[in-house]
Amino acid sequence: VTETRTHNDAGFVHRGTAHPDAGRTPDPERPTRAELERVRARDPEALGAFYERYVDRVYGLAHRLVGDRAQAEDITQEVFLKVHRAADRLDPERDPLPWLMTIAHNACRDLWRSSAWKLGRRAASLDGDSPLAATLTRRRDEPERDLIAAERERLVQDALLRLPDPLRVAIVMHDYQGLGHEEIAAVTGIGHAAARKRYSRALSALANLLRGRLE
Amino acid sequence: MSRDPIEPTADERRAGDAVRALEAARPEPAFRARLRQDFVTGRIGERAVVRLSPPWWRRGWAAALAPAAAVVVVLLVAGVNRGPQWTVMAANGDGIAVVDGVPMPMPHAAEEARRLRAGARVQVPPGASLDLAGSGTMMMEIAGGAEVTLPATPGRWFARGVEAHVRSGTVRFSTGARFHGARLHVETPEAGVEVTGTTLAVICEPRGTCVCVYEGVVRVRAHGGSIESVSAGRRRFVYNDGRAPIEDAMLPGERTRLGEIREHRDDWQGGGR
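The shown structure was predicted, so the numbers you read here are calculated from the model rather than taken from an experiment.

J.: Would you take a moment to explain the overall build of chain A for this structure?
T.: In terms of regular secondary structure, chain A is built from 10 helices and two strands. Starting at the N terminus and ending at the C terminus, chain A contains elements arranged as β-β-α-α-α-α-α-α-α-α-α-α. Per-residue burial over chain A gives 48% buried out of 215 residues. Restricting the contact set of chain A to residue pairs at least 6 apart, pairs at least 24 apart contribute 69%. Here chain A displays about 10,300 Å² of accessible surface, and carbon together with sulfur accounts for 51% of that area.

J.: What's the story with the side chain of Thr-149 of chain B in this structure? I'm lost.
T.: Residues and elements named next belong to chain B. With respect to the helices, strands and loops of the structure, Thr-149 is situated in strand E7 (residues 147-149). A distance of 2.7 Å separates polar atoms of two side chains, one belonging to Thr-149 and the other to Arg-167. Ignoring anything within four residues of it in the chain, the contact list for Thr-149 reads Gly-119, Ala-120, Arg-121, Ala-164, His-165 and Arg-167.

J.: Can you walk me through the environment of Pro-84 of chain B in this structure?
T.: Residue and element names in this part refer to chain B. By the element assignment, Pro-84 lies in the loop between helix H4 (60-81) and strand E1 (86-92). By relative accessible area, which is 5% here, Pro-84 ends up buried. Along the chain, Pro-84 and Gly-134 lie 50 residues apart, while their C-alpha atoms are 5.4 Å from each other.

J.: Explain the pattern of salt bridges to me, please; I cannot follow it from the model alone.
T.: Proximity of charged atoms lets side chains of opposite charge pair with each other. Inspection of the entire model under this criterion finds 37 salt bridges over all chains. Between Arg-69 of chain A and Glu-28 of chain B there is a salt bridge whose closest N-O contact spans 3.9 Å. Placement of Arg-69 of chain A in helix H3 (residues 69-85) and of Glu-28 of chain B in the loop between helix H1 (10-20) and helix H2 (29-41) is noted, with the two residues assigned to different chains. Note on Arg-69 of chain A: relative accessible area 32%, which makes it partly exposed. For the salt bridge of Arg-34 of chain B with Asp-38 of chain B, the shortest nitrogen-to-oxygen distance reads 3.4 Å. Placement of the pair is Arg-34 of chain B and Asp-38 of chain B together in helix H2, with a separation of four residues, close to one helical turn.

J.: Explanation requested: the interface of chain B and chain A in the structure shown.
T.: How big an interface is tends to be expressed through the accessible area that disappears when the partners come together. Listed as interface residues are 31 residues of chain B and, on the opposing side, 45 residues of chain A. Taken over both partners, the interface formed by chain B and chain A buries close to 3,600 Å², and the fraction arising from carbon and sulfur atoms is 63%. Ranking the residues of chain B by area buried against chain A places Leu-22, Glu-23 and Phe-39 of chain B at the top, with a combined share of 20%. At the surface where chain B touches chain A, the tally comes to seven salt bridges. In this assembly, chain B and chain A are joined by 14 residue pairs in polar contact (both at pLDDT 80 or more). Where the side of chain B that touches chain A is concerned, the elements lending two or more residues are H1, H2 and helix H3 (43-48) of chain B. Among the elements that take part in the side of chain B that touches chain A, H1 of chain B stands out by supplying eight residues, more than any other. Residue classes in the side of chain B that touches chain A are distributed as 17 nonpolar, three polar and 11 charged.

J.: What is the right way to read the environment of Pro-164 of chain A from this model?
T.: Residue and element names in this part refer to chain A. Here Pro-164 shows up in the loop between helix H7 (143-162) and helix H8 (165-176). For Pro-164, a relative accessible area of 45% gives the class partly exposed. Each C-alpha atom of the pair Pro-164 and Ala-205 lies 9.4 Å from the other, and the pair is 41 residues apart in sequence.

J.: What is the right way to look at the pairing of strand E10 (residues 191-195) of chain B in this model?
T.: Taken residue by residue, a regular strand's side chains alternate between the two faces of the sheet. Residues and elements named next belong to chain B. Counting buried positions along E10 gives four out of five residues, so the element sits mostly inside the fold. The hairpin formed by strand E9 (residues 183-187) and E10 contains three residues between the paired strands. Of the strand pairs in this sheet, E10 and strand E13 (residues 217-222) are connected by five bridges, and their pairing is antiparallel. Bridge pairing links Gly-192 to Arg-221 in E13.

J.: I tried to follow unusual backbone geometry on my own but got confused; where do I start?
T.: With glycine set apart, most residues show a phi of negative sign, and most peptide bonds adopt trans. Even without being a glycine, Arg-42 of chain A presents a positive backbone phi close to 55°. You can see Arg-42 of chain A is positioned in the loop between helix H1 (33-40) and helix H2 (44-66). Phi is positive for Asp-100 of chain B, close to 50°, though the residue is something other than glycine. Relative to the assigned elements, Asp-100 of chain B resides in the loop between strand E2 (96-99) and strand E3 (102-105). Judged by its relative accessible area of 37%, Asp-100 of chain B is partly exposed.

Parameters and conventions
Residues numbered from 1 in each chain as written. Chains lettered and ligands numbered in written order. Predicted model: local features only at pLDDT ≥ 70, side-chain atom pairs only at ≥ 80, totals over all residues. Heavy atoms only, no water. Helix = DSSP H or I, 4+ residues; strand = E, 2+ residues; numbered from the N terminus. Buried < 20%, exposed > 50% of the residue type's maximum accessible area, 1.4 Å probe, protein only. Contact = heavy atoms within 4.5 Å. Areas by Shrake-Rupley, 256 points an atom, 1.4 Å probe, with all protein chains shown as cover. Polar contact = N/O pair within 3.5 Å; in protein donor to acceptor, adjacent residues only side chain to side chain. Salt bridge = Lys/Arg side-chain N within 4 Å of Asp/Glu carboxyl O. Buried area = accessible area lost by both parts, 1.4 Å probe. Nonpolar A, V, L, I, M, F, W, Y, C, P; charged D, E, K, R; others polar. Pairing = 2+ DSSP bridges.

Structure below.
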């Protein structure tokens, strides 16, 4: 059994135990200790590299979880604001990605609890169309294939947005972001076994929503 | 036996594959560049934190001036609340009155009115009389031989209870329209008199205090005794030798004099400060 830590918006705060085969292989592209030390010192160059390394992942997670470009931008901005504020508390020994995912997840959760989000969800269900696919970049050389891909994209995204929030988080973090169950458990503040079960339920629910629609 | 929760069915595997096949959602280049700039330069914190200017009472200049402003406000309110000053309506007779131990010739009482302030101890010489008015609130007629500590006139909004001390002689009081809701307490060596709007005389004699009520109701309490109400046309005499107070019809002379004061109320109600 190895020791792991869960995260909150301010950094690494909670120590716990994890199954040895949980999680995923270390990210070979993660910043080095020296780079993270410079981020801690808010060195502009290091901050720039840090931003370039993670901004797309943070934005991508937010976009898939909330399905709206403007809200995803707000969440991304909030994540990097908190990173900047808490940079001096960054642990250079650890991969910062789970920390970033935690902040992004918490920001999404705050949004989902807001009345603005609930109102928007009701309106979206009446419209019956997700705006996400229209915002994705498309290849321009194969219009027919692009059309099919866009339609498939829209179906999947719509189905994701119909899932309950915790199930959507589980499947997007696992299958879209590539996080391991142990990391998801740490990010969402639940146990490892619960994270695995939640993912299983999410997969089952998504399959039911997509059954017969992806052929 | 339930299946392994991670062992997916074909549909579930297809659903997971569909999620993994989703294109990477990327931020708009303009947003991405602006956020990078803000993050690197540290402006992101400035932009997110809305710095509201502090409320005016927490600004430096306001904090420094607040005590002085409070003092000014208190002084203004106290000044506006203050009741009217005593004015001399009439100074009859000759002789020398004494105000706070300072001689004041009766013919010059009007010029010396500034000394007739609340709390001033006034002795009027025998055979003379001094009529004072507090614009619209009340008037006092201090008969010759009387010694009295002047009350304040009631304030406009607060400090509406005022107190006079009659040590000897006859002092007549009559309240005006602006006295409404105020309270006058007259203290004598033998009794306390509570007035809430009336015309009366307080006469301090060698044997005790006589309170003659021309109109309204006055409450009289002998020192060490109970409070009794004295109604219009009656008088109450409180002895200073331990005898029980007596109540009777008011003195005829007081009825006449108090009636005159009451009739001429308009003369002093409009009296200035």
